[in-house]
Amino acid sequence: MKRYSPKDIEPKWQKVWEESGIYKAAATNDRPKKYILEYFPYPSGAAMHVGHVRNYTIGDAIARFNRMTGHNVLHPMGWDAFGLPAENYAIKNKVSPEVAIAENTKRFKQQLMQMGFSYDWSREINSSNPDYYRWTQWFFLLLHKKGLAYQQESLQWWCPFDKTVLANEQIEAGRCWRCGNEVEKKALKQWFFKITDYADRLLADLDNLNWSESIKSMQRNWIGKSRGAEINFTIEGRRNKLKVFTTRPDTLPGVTFMVIAPEHPLAEKIASDQHRHQVQTYVKAAQAATDIFREKTDREKTGVFTGAFAVNPINGNKIPIWIADYVLSGYGTGAIMAVPAHDERDYEFAIKFNLPVKYVVEPVTGEVQGDEVEKEAIVAIVRNPKTNQVLMLDWGPRQERFGGILFVGGGLEPGEDEVEGAKREVIEETGYDNLKFVKKAPYLVHSYYFSNVKNKNYYAKMRGILFELDDEHQTKTSLDDGEKNKFTLKWIGTDKASELVDDEGHKQILNCLVSPGVVSGEGIMTDSGKYNGLSSGECREKILADLEAKHQGKEVINYKMRDWLISRQRYWGAPIPIIHCNNDGAVPVPEDQLPVKLPVVESIEPSGDGRSPLANVPDFVNTTCPKCGGPATRETDTMDGFACSSWYFLRFADSKNKHAPFDKDKIDYWLPVDDYIGGAEHAVMHLLYARFWTKVMKDEGLIDFSEPFQTLRNQGMILAPDGNKMSKSKGNTIEPDGLIQQGYGADSIRIMELFIGPWNQAASWSVEGLGGAYRFLQRTWTLVQEYNGTEGGDEESEELKHIMHKTIKKVSEDMLELSFNTSIAALMECVNQLYRIKAQDGYRAVEWQWSLECLLKLLAPFTPHIAEELWQELGNDESIHLSQWPAFDDKYVVKEEVNIAVQVNGKVRAEIEVVFGAHQDEVLALAKQEDKLKPYLKGKQIERVIYVPDKLLSLVIN
RNA sequence: GGGCGAGUGGCGGAAUAGGUAUACGCGCACGACUCAAAAUCGUGUUCCGAUAAGGAUUGAGGGUUCGAUUCCCUCCUCGCCCACCA
């Protein structure tokens, strides 16, 4: 009997498959197509570890399953070769990027090969190959032609380590996404793609994509659409207007100051002579501060007064203008109207600089009951300054809307002063009569509440009043007998009180009086002149209309997303195909002169002066203008690597095309991608850019769809056994090569990658678990080997049929849901069952050959090598991977006898065996005779019977 | 601070149009084989209880139901992403 040796069989079959080309996507229309794609890797210096391998294992299982279920499958692979990772690796190792890429792709390909993935290697692409980037440049020209590529001088993120600018998306918490160094701002003339033109479509089309909610919401947040208003404030004594963006124009009556960013063009201009020096100092300091520092949200607010005033367009109020760095120059207009009462940041600033806080939106609390009586009411909080406790009334346990722990509260008599009324209520209910008025709550609270005494619902306008106790003298309370004893008085610490209080309105009043703060959210307008009484939503519309009538404001939609900066001052990228001419400006390179090839240079090291190394190559730079023929210079910046990956999935459909990026017929057949598999790290970069390019191509008529990836699947990360992220620097990476060397084999690794847990959930790699996977394959191996050594037999086995049909059904259904871990569990269970039958009856049953063949087919998507080897040992000549997925028949799946659980009052008390499909009456009759149940049923009446066929009988007895 | 997701044995996890919780694997224990070990095969393994009867158990607490891991409410913990975005 042969031993299971992955080292022997795996390379053997890999060679056979490659030579016979069985994974080549056919140019046929006879089967439905499936395009299964995994993110193409960038071949960096570090080899692939088992975390990367999971991505490809998932894709391969899907691809293989689809092939066996009658699909024409495209499953390609290529290399995202341009870009910083490859270039930095090359610099570090003092080799040319071409050489580095050649070495690394070779290594990566060997790693993928040894895992037995079923790629169509005939379509392999490499984004740094001129045959490929020629078309990347072609797309640049298309974007340029459509006005979607433009050049602009602006302050840009600059990484001093990588010596290049970076796109917004490539900044992570003020640091470069590649090297982790702090970035700075630098003024440079740069190329941009106008992705903001597509913001609305990128947002709207997300709804119909079969992507995870988390990725969709990341993209939504990134696009950051918000509806609001632009409002023009006149500046006293100046002609300039101060334009602000706000999402809450309804709070305009509550504006108490304005804030502009230090970078705002008016910042220094509007400063009064008296304040100019301070302003200049502040602006300078802000510019000098690092972005990491400025982006810290937990630091204290800073700012200076400019000495200038703006005028509130709806009430003419004079508002001081401040400069502060908490206002960002890059968002909205770089200036805000500050409403400290209703915005936390403004509030913080107002407290720090002692600016007024004006409440204009009253919050609404409680639930509407429908039968409210409107009433003016007060809530009195009495504080004992000696103990810092507040007086509360305990009405007993809170039930529905009754009882609970509350403050003194009550209605006002007609015409009664709020403070007097509050005092009266406190004395009436508690007897404390030496009260000192401290303050009123700065706003009213509308609340629907139930009176504890008078059974009525009130729609109350509540005013909170704070008293302090002069002494603890108490007079007799004037409660009538009905009210007495309904509550007890309690003194409670102020911190505790906020937790204990049982009414949302009371709680807000407490917070407001003891620690006033920001009122966020919607509500009802107050202290706002003619807008009083409107809901904040209605007020928003009204104020917008008023402003528009006066041409002082308008509704606008604002986005967080910026245009995509694609210039890189680096060598290793596709040159931007533009020629700069003194006469004609930036002229696109004519299509027939593409590709603009990367020249060979002596040093690829970035110069650090903001220019790409290409600028030092005169032969490359100096050229003639395609328009006027005069002397001209080439653009020396290269394109962001993400440009290359924005269309590679299209190229796979027609990767060898010399005359066009692709042939439309082939795109029409293969695209869009049916299953796109990769990690979540690309959520706002690659996945957004690729969607953008796809929409541009659709608009140009190059393709007929506007979303490239119908279904996106984000695999869970494989963590190191220590629970940390695998990384070279931590030294905790596990590479498949070593495991294969140890003899586990690619098949065991593949099983482990999927069996470790749901494919989209993170999991820690386990060496012991891999041993289990190997044992399972070895058991399978042994089973087939032993069978092959027997004569077989001709007995029929219903049991064998049942096991196999059940397994086929389970695995088939789980595969469609990508539930790989449970598929594999079912296969393990199946093998265990086959062992049991073998031990009982040997290999006498006639179904053994068929059973084992089915088992191997079900295994084939996961463990292609062992499946192929044993398949052929069972006497098959054609590859198992071209065979048909087995079918199941429900009639063998169900068993004739089934166990039914019998519950008595919800507890399982017995299990009885009945024939499949038995009727309730039969089961009940059997249950009544069951010995185990007799003690429970004796002398009891069965009140109710619930029967779930073939599963459960539930008896309710009295 | 905001958004998304998740809490089940010693561990990874299974079971959610409500229906026998802990499948499968790891680990552990015992047995067979062996001079012995490894490998292999077999048995057991949620907890308490005595190998019994019985009871408890899906982060905590409450609710709906004959019946809740699954649905609803309150809270706690962890992970990921975003974050002074007006």
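Provided above is the structure to which this section pertains.
The following paragraphs examine the structure supplied in this document. (Residues numbered from 1 in each chain as written. Chains lettered and ligands numbered in written order. Predicted model: local features only at pLDDT ≥ 70, side-chain atom pairs only at ≥ 80, totals over all residues. Heavy atoms only, no water.)

A separate point is the protein's contact with RNA strand B. Within the structure, RNA strand B sits among 51 residues, and Thr247, Lys301, Tyr331, Arg345 and Ile756 are positioned closest to it. A distance of 2.8 Å is found between a phosphate oxygen of RNA strand B and a side-chain nitrogen or oxygen belonging to lysine 907. No other element matches the 7 residues that helix H24 (residues 820-841) contributes to the surface near RNA strand B. (Near = heavy atom within 4 Å. Polar contact = N/O pair within 3.5 Å; in protein donor to acceptor, adjacent residues only side chain to side chain. Helix = DSSP H or I, 4+ residues; strand = E, 2+ residues; numbered from the N terminus.)

If you look at the biggest cluster of nonpolar residues, it comprises 94 residues, and the most contacted ones within it are Phe140, Trp564, Phe649, Leu671, Phe692 and Trp693. If you tally residues by element for this core, the top one is helix H5 (residues 130-145), at 9 residues. Contact partners of phenylalanine 649, with chain neighbours within four places excluded, come to Tyr35, Leu37, Leu671, Val673, Ala690, Thr694, Pro708 and Phe709. (Core = buried A, V, L, I, M, F, W, Y, C linked by side-chain atoms within 4.5 Å. Buried < 20%, exposed > 50% of the residue type's maximum accessible area, 1.4 Å probe, protein only. Contact = heavy atoms within 4.5 Å.)

Turning our attention to the packing of aromatic side chains. Each pair of aromatic rings is reported with the distance of its centres and the angle of its planes. On inspection of all chains with the given rule, the structure shows 48 aromatic pairs. On the numbers, 5.5 Å between centres and 25° between planes, the contact of phenylalanine 257 with phenylalanine 349 is stacked. Taken together, the residues phenylalanine 257 in strand S12 (residues 257-260) and phenylalanine 349 in helix H10 (residues 344-353) connect sequence positions 92 residues apart. Take phenylalanine 257 and phenylalanine 349: they sit in the same class, and that class is buried. (Phe/Tyr/Trp six-rings, centres within 6.5 Å; stacked < 30°, edge-to-face > 60°.)

Sheet strands line up and pair through hydrogen bonds in the backbone, either parallel or antiparallel. Spatially, the 4 strands line up as an open sheet ordered S31-S30-S33-S32, and their pairing is antiparallel. If you trace the sheet from one side to the other, it starts and ends with strand S31 (585-588) and strand S32 (622-624), each paired once. Between one strand axis and the next, the sheet turns through 45° on average, direction left out of account. Relative to strand S33 (residues 631-634), S32 runs antiparallel, the two sharing 3 bridges. The residue of S33 that forms the bridge with asparagine 622 is threonine 633. (Pairing = 2+ DSSP bridges. Axes fitted to C-alpha atoms, helices over the stretch in contact; angles between N-to-C directions.)

This part covers the packing of helix H22 (residues 767-788) against H24. At a minimum axis separation of 10 Å, H22 and H24 run at an interaxial angle of 40°. When the axis of H22 is compared with that of H24, the two are oblique. Handedness of the H22/H24 crossing: left-handed. When H22 is examined against H24, the residues Phe776, Arg779, Thr780, Thr782, Leu783 and Glu786 are found in contact with a partner set consisting of Leu827, Met828, Val831, Asn832, Leu834, Tyr835 and Lys838. Counted by class, the contact of H22 with H24 contains 7 nonpolar, 3 polar and 3 charged residues. (Parallel < 35°, antiparallel > 145°, perpendicular 65-115°, else oblique. Left-handed = near helix turned anticlockwise from the far one by under 90°. Nonpolar A, V, L, I, M, F, W, Y, C, P; charged D, E, K, R; others polar.)

Once that is clear, we can look at the environment of alanine 289. Residue position: alanine 289 is located in the loop between helix H8 (273-288) and helix H9 (291-295). Between the C-alpha atoms of alanine 289 and proline 886, which are 597 residues apart in sequence, the distance is 67 Å.

Another point: the packing of helix H23 (residues 798-816) against helix H25 (residues 848-859). Helix packing geometry: the angle between the two helix axes and the distance between the axes. At a minimum axis distance of 10 Å, the contact between H23 and H25 shows a crossing angle of 15°. Accordingly, the angle class assigned to the pair H23 and H25 is roughly parallel. Of the two elements, H23 crosses H25, and the hand of that crossing is left-handed. Across the interface between the two elements, Leu800, Lys801, Met804, His805, Thr807, Ile808 and Val811 of H23 pack against Trp848, Trp850, Ser851, Cys854, Leu855 and Leu858 of H25.

This brings us to the environment of tryptophan 211. Position of tryptophan 211 among the secondary structure elements: in the loop between helix H6 (199-204) and helix H7 (213-223). Here the alpha-carbon distance between tryptophan 211 and lysine 838, two residues 627 residues apart in the chain, equals 45 Å. Non-local contacts of tryptophan 211, meaning those with residues more than four positions away in its chain, are made with Lys216, Gln219, Leu687, Arg691, Phe709, Gln710, Thr711 and Leu712. A distance of 2.9 Å separates the side chain of tryptophan 211 from the backbone oxygen of phenylalanine 709, its partner in a polar contact.

Between leucine 594 and proline 595 the backbone carries a cis peptide bond, its omega angle lying at -5°. Tracing the sequence through the fold places proline 595 in the loop between S31 and helix H15 (618-621). Proline 672 follows leucine 671 through a cis peptide bond whose omega is -5°. Of note, proline 672 is situated in the loop between helix H18 (664-670) and strand S35 (675-678). Although it is not a glycine, lysine 94 sits at a positive phi angle of roughly 55°. Within the element layout of this structure, lysine 94 appears in the loop between helix H3 (84-92) and helix H4 (97-114). The phi dihedral of aspartate 950 falls on the positive side, at around 65°, and the residue is not glycine.

Moving on to the sheet that holds S35. An order of S2-S1-S35-S36 is seen for the 4 strands of this open sheet, with the pairing classed as parallel. Among the strands making up the open sheet, the edge pair consists of strand S2 (72-74) and strand S36 (712-714). Each strand axis lies, on average, 20° off the axis of its neighbour in the sheet, ignoring direction. In this structure, strand S1 (residues 33-38) lies alongside S2, joined through 3 bridges in parallel fashion. From the neighbouring strand, lysine 33 faces S2, where its bridge partner is asparagine 72. Lying on the sheet, helix H2 (residues 50-68) is in contact with S1, S2, S35 and S36; it crosses S1 at an angle near 170°.

Scanning all chains against the criterion turns up 0 disulfides. You can see cysteine 830 has no disulfide; the closest cysteine sulfur is in cysteine 854, sitting 9.0 Å from it. In this structure cysteine 830 comes out as buried when scored by relative accessible area, which is 2%. (Disulfide = S-S within 2.5 Å.)

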